[in-house]
Amino acid sequence: MVLPDEDDAVRSVWRFLKRLDVPSANVIPVSRGGHVVYAPDDFIGRVRVLQPNEYRRVTGLPKAAQAASLWAEGPEVALSLRHPFDLNAAFLVGASPASFRIGFHDPLAEPFFDFMLAPTSNLDTALAALERYLG
């Protein structure tokens, strides 16, 4: 799961995961922003923060080794919670071996995601819609 950059949005994601009751061992949160200010106890040490040197110079996409390490656990669902469209997040989700890939709708995102969320003015609204869909 690729986290949004904003701290308030990341907190919304933690609440969403708690409502879904997904074991933290089954989630690999990824931050592209270089830091995560808060993570619940279950996720401390589990958030993978991609550093600037882990991206390819020419394309700006994550290096193959970083992507492979994230995909090594064979995710069933890959989720990008970054909006507006972010090619790096779309790549990590869309090229993953996951059976189901989710992200926000954008014409550029169509090749990467199997299910797209309608962008809303607030992440909590989008996550509530996703929760209803998954239910």
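Everything below is about the structure shown above.
Residues numbered from 1 in each chain as written. Predicted model: local features only at pLDDT ≥ 70, side-chain atom pairs only at ≥ 80, totals over all residues. Heavy atoms only, no water.

### Here's the deal with the packing of aromatic side chains
No. 1: Throughout the structure, instances matching the rule amount to five aromatic pairs.
No. 2: Among the aromatic residues, those joined into a ring-pair cluster are Phe100, Phe115 and Tyr133. (Phe/Tyr/Trp six-rings, centres within 6.5 Å; stacked < 30°, edge-to-face > 60°.)

### Regarding the side chain of aspartate 106
No. 1: Position of aspartate 106 among the secondary structure elements: in the loop between strand 4 (100–104) and strand 5 (115–117).
No. 2: Look at aspartate 106: it is buried, it has no salt bridge, and the nearest opposite charge is arginine 82 at 12 Å.
No. 3: Within the local environment of aspartate 106, its side chain forms a polar contact with the backbone nitrogen of leucine 108, the two atoms lying 2.8 Å apart.
No. 4: Those residues in contact with aspartate 106 that sit more than four places away from it in its chain are Phe85 and Met116. (Helix = DSSP H or I, 4+ residues; strand = E, 2+ residues; numbered from the N terminus. Buried < 20%, exposed > 50% of the residue type's maximum accessible area, 1.4 Å probe, protein only. Lys, Arg positive; Asp, Glu negative; His and termini not counted. Salt bridge = Lys/Arg side-chain N within 4 Å of Asp/Glu carboxyl O. Polar contact = N/O pair within 3.5 Å; in protein donor to acceptor, adjacent residues only side chain to side chain. Contact = heavy atoms within 4.5 Å.)

### Regarding the layout of surface pockets
No. 1: Computed from the structure, the largest pocket encloses a volume of approximately 630 Å³.
No. 2: What lines the largest pocket is a set of 26 residues, and nearest its centre among them are Asn26, Val27, Pro75, Val77 and Ala78.
No. 3: Every element with two or more residues in the lining of the largest pocket is listed here: helix 1 (7–20), helix 2 (64–71), strand 3 (77–79), helix 3 (87–94) and helix 4 (123–134).
No. 4: Residue composition of the lining of the largest pocket, grouped by class: 21 nonpolar, three polar and two charged.
No. 5: If you add up the space inside the second largest pocket, you get close to 180 Å³.
No. 6: Lining the second largest pocket, in full, are Trp14, Leu17, Lys18, Asp21, Val22, Pro23, Ser24, Tyr38, Pro40, Asp42 and Phe43.
No. 7: Residues belonging to the lining of the second largest pocket are distributed by class as follows: seven nonpolar, one polar and three charged. (1 Å grid on protein atoms, 1.4 Å probe; cavity = no way out; pocket = protein on both sides within 12 Å on 5 of 7 lines; lining within 4 Å. Points joined across faces, edges and corners; volume = space filled by probe spheres on them. Nonpolar A, V, L, I, M, F, W, Y, C, P; charged D, E, K, R; others polar.)

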